[in-house]
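# Summary of the model geometry
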Amino acid sequence: MNLEKIMTDLEKKHPGEVEYLQAVREVLESIEEIYNENPQFESAGIIERIVEPDRILTFKVPWVDDSGKVHVNLGYRVQFNNAIGPYKGGLRFHPSVNLSILKFLGFEQIFKNSLTTLPMGGGKGGSDFDPKGKSNAEIMRFCQSFMLELWKMIGPETDVPAGDIGVGGREIGFMYGMYKKLSREHTGVLTGKGINWGGSLIRPEATGFGAVYFAQEMLKTKNQDFKGKVVAISGFGNVAWGAALKVTELGGKVVTISGPDGYIYDPDGISGEKINFLLELRASNQDIVKPYSYEFPNAQFHQGKRPWEVKCDVALPCATQNELGKDDALALVKNGVMCVAEGANMPSTPEAIEVFQEHKVMFAPGKAVNAGGVATSGLEMSQNSMKLNWSSEEVDMRLHQIMKNIHEQCVKYGTTADGYVNYVKGANVAGFLKVANAMLDLGVL
Ligand code: NDP
Ligand code: 2IT
């Protein structure tokens, strides 16, 4: 593989798509060796075909706010690769959304979904719509307008979207309602559905739970567990709350959460009623970070700062891409962090990852750590197809098993000569091999 040439060609074709190029480079660097050992990949043009999405749909999303003013946002769906199953991946509603971000997320999703062992291809979508400060009625009108275009592209055997940043149970409900009306079908076309209309128990917590199960396996390799560990978490959304809940249950202490404006440090630990307090604020579309510090006086709000300056044993970045840079990584290392597990997608910059790896800190990437979310989406799809519901114990047991299995795959493909596990390499190689072999079987498409 001529990695630099591939990257230069891609940069020319897709100038300025920095997040997408960053994600592609990381995967290609990891798989270079195995790719070169298997010349059949090169002759089938696997790299050239896997780095480009199958197709991208872009559309306008007009909607009317509560005062009668008309707004127009952009909507997208990137259908990246369906070699091993229907396209599958979340929808992100955030003002920063652009094609580069959705292509990076869709590309990562291919390998993540492969790691789950479930039959799901990779895709992603979303809009530059900002849900912050919008009323319920505005969110509903936006979601309905979005689905008015998207519904033709998706289906339970074609493409199955779900949540991501800015898209939780409420948004999935409004979108599913519109899909159901247009298609006149009640099928498993979205995941993250409400429990009364086709959803799966544990899906809301699944990404966070799965991330902590994965980190638990990492700690186990050093004969450690979460008991008494101090844990720094960023964000407080779909992923972070489940992670905070599970860390607390396993005996760890979560001392931070964050938002775009800063972070909260609570030395007493963020657990129980405090998590419920935050969830209530979230449900009513309010800012959560500052009000927390007013409600719980021991907590300090650090304006404009990230939580990585706090002394912790385990760090779980759960907010967004590139939220943990080189200096943050150096601060974590200096403070003795032993394990960094990415709940978000690509939260650490390549320079930060280098710091962790150089210092032999256990570090695992989002596509392995946060795969429990989409895995449980896959379990929701299975339940929808069977028209049966599993108990929360059953879903949780399957989720736990899937996370242990992903950890094993990472160790199998990522262990280096000195015994250090390069989880980035392990996850990329394991995820890639299954998809690449499927592409070989299916012919040039
Ligand atoms: P949410 O919108 O529910 O939560 C995101 C959290 O991160 C919020 O607390 C938000 O604060 C904060 N945040 C967003 N942007 C920034 C920023 N630029 N700087 C600092 N904080 C920020 O999203 P999710 O929890 O769903 O997603 C979080 C991450 O996890 C994303 O990378 C997503 O792709 C990934 N992921 C999500 C899965 C899921 O099932 N939902 C599954 C796997 C991965 P505020 O609300 O105040 O803006
Ligand atoms: O990044 C992700 O894996 C998600 N946002 C969840 C995708 C899904 O289809 O459940």
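Everything below is about the structure shown above.
So, a few notes on the structure that sits alongside this text.

Reading the values: rules and limits
Residues numbered from 1 in each chain as written. Chains lettered and ligands numbered in written order. Predicted model: local features only at pLDDT ≥ 70, side-chain atom pairs only at ≥ 80, totals over all residues. Heavy atoms only, no water. Near = heavy atom within 4 Å. Polar contact = N/O pair within 3.5 Å; in protein donor to acceptor, adjacent residues only side chain to side chain. Areas by Shrake-Rupley, 256 points an atom, 1.4 Å probe, with all protein chains shown as cover. Helix = DSSP H or I, 4+ residues; strand = E, 2+ residues; numbered from the N terminus. Nonpolar A, V, L, I, M, F, W, Y, C, P; charged D, E, K, R; others polar. Axes fitted to C-alpha atoms, helices over the stretch in contact; angles between N-to-C directions. Parallel < 35°, antiparallel > 145°, perpendicular 65-115°, else oblique. Left-handed = near helix turned anticlockwise from the far one by under 90°. Contact = heavy atoms within 4.5 Å. Buried < 20%, exposed > 50% of the residue type's maximum accessible area, 1.4 Å probe, protein only. Phe/Tyr/Trp six-rings, centres within 6.5 Å; stacked < 30°, edge-to-face > 60°. Lys NZ or Arg CZ within 6 Å of the ring centre and 35° of its normal. Pairing = 2+ DSSP bridges.

Right, let's get into the site of ligand 1. The environment of ligand 1 is made up of 24 residues, and the closest members are K132, D164, F236, N238 and N345. Between ligand 1 and the protein, one listed contact pairs an oxygen atom with a side-chain N or O atom of D164 at 2.7 Å. Take N345: an N or O atom from its side chain is 2.7 Å from an oxygen atom of ligand 1. Within the complex, 85% of the 880 Å² of free accessible area of ligand 1 lies under protein. Elements supplying a minimum of two residues to the shell around ligand 1: helix 8 (203–220), helix 9 (238–249) and strand 7 (253–259). A breakdown of the residues in the shell around ligand 1 according to their chemical character gives seven nonpolar, 11 polar and six charged.

Attention shifts here to the packing of helix 12 (residues 326–334) against helix 13 (residues 350–358). Running from N to C, helix 12 and helix 13 point in directions that differ by 25°, and their axes come no closer than 7 Å. Here helix 13 runs roughly parallel to helix 12, going by the angle between their axes. The way helix 12 lies across helix 13 gives a crossing that is right-handed. Counted together, K326, A329, L330, L332 and V333 of helix 12 and E351, A352, V355 and F356 of helix 13 form the full contact between these two elements. Residues of the contact of helix 12 with helix 13, tallied by class, amount to seven nonpolar, no polar and two charged.

Moving on to unusual backbone geometry. The backbone of M346 shows a phi angle near 55°, a positive value even though the residue is not glycine. With respect to the helices, strands and loops of the structure, M346 is situated in the loop between strand 11 (339–341) and helix 13. Looking at M346, the relative accessible area reads 5%, which means it is buried.

Attention now moves to the packing of aromatic side chains. In this structure the tally under the stated criterion is 19 aromatic pairs. For the pair Y35 and F41, a centre-to-centre distance of 5.9 Å together with 25° between the ring planes defines the contact as stacked. Each member of the pair, Y35 as well as F41, is classed as buried. Taken together, the ring pairs connect F59, W63, F93, F129, F142 and F146 into an aromatic cluster. Lying across the ring of Y420, K360 places its NZ or CZ 4.8 Å from the centre. Between the NZ or CZ atom of R398 and the centre of the ring of W390, over which it lies, the distance is 4.0 Å.

The subject of this paragraph is the site of ligand 2. The local shell around ligand 2 holds 14 residues, among which K88, Q109, K112, D164 and S377 are the closest. Contacts to ligand 2 include K112, whose side-chain N or O atom sits 2.7 Å from an oxygen atom. One nitrogen or oxygen atom from the side chain of R203 is found 3.0 Å from an oxygen atom belonging to ligand 2. Looking at the shell around ligand 2, its residues break down into two nonpolar, seven polar and five charged.

Moving on to the sheet that holds strand 10 (residues 314–316). Taking strand neighbours across the sheet as the criterion, the seven strands line up as 9-8-7-6-10-11-12 in an open arrangement whose pairing is mixed. Strands with a single pairing partner mark the edges of an open sheet, and in this sheet they are strand 9 (300–303) and strand 12 (362–364). The mean inter-strand angle of the sheet, taken between neighbouring strand axes irrespective of direction, is 15°. One ladder, built from three bridges, connects strand 6 (residues 230–233) with strand 10; its direction is parallel.

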